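Next come the chains, spelled out residue by residue.
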Amino acid sequence: MVSRENQVAAIGYDGPAMVVDKKIKKRYGKFTVKELIEAGLFRSAAALALYDGNEEEMDSVVSAYNSVAGSEYSKEQLGRIFGICVPEGVNKTIEL
């Protein structure tokens with residue numbers, strides 16, 4: 001199972017392993033979605049909202065991102081742009 005701290009700091013996958021930025025994890029791993037948005041970490045905020053399964057928080061991320069970027073992305077489009085998902089079959093992490 002992937003922890004929420006790892007989800008916030010995930011930068012990719014290597015087979016069944018999640019690759020995590022340990023500096024991001026240490027600094028922002030305990031942040032809420034709102035705090036991540038305020039810090040401008042939209043990808044991490046979206047990943048956490050998706051991990052938590054919280055549609056309202058994901059709507060907040062999309063709204064904040066679109067406001068800053070001057071875009072009109074949907075939740076689905078933003079997820080693809082950021083390359084985020086709820087990982088399945090991930091059984092270890094690699095911290096860089």
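Just so you know, these numbers come straight off a predicted model, no measurement behind them.

### Focus on empty space enclosed by the protein
Throughout the structure, instances matching the rule amount to 1 cavity of 30 Å³ or more. There is about 40 Å³ of room inside the largest cavity. If you trace the largest cavity, you find it lined by Gln7, Ala10, Tyr13, Arg43, Ala47, Gly83, Ile84 and Cys85. Every element with two or more residues in the lining of the largest cavity is listed here: β1 (10-14) and α4 (42-52). Residues of the lining of the largest cavity, tallied by class, amount to 5 nonpolar, 2 polar and 1 charged.

About the cut-offs
Residues numbered from 1 in each chain as written. Predicted model: local features only at pLDDT ≥ 70, side-chain atom pairs only at ≥ 80, totals over all residues. Heavy atoms only, no water. 1 Å grid on protein atoms, 1.4 Å probe; cavity = no way out; pocket = protein on both sides within 12 Å on 5 of 7 lines; lining within 4 Å. Points joined across faces, edges and corners; volume = space filled by probe spheres on them. Helix = DSSP H or I, 4+ residues; strand = E, 2+ residues; numbered from the N terminus. Nonpolar A, V, L, I, M, F, W, Y, C, P; charged D, E, K, R; others polar.

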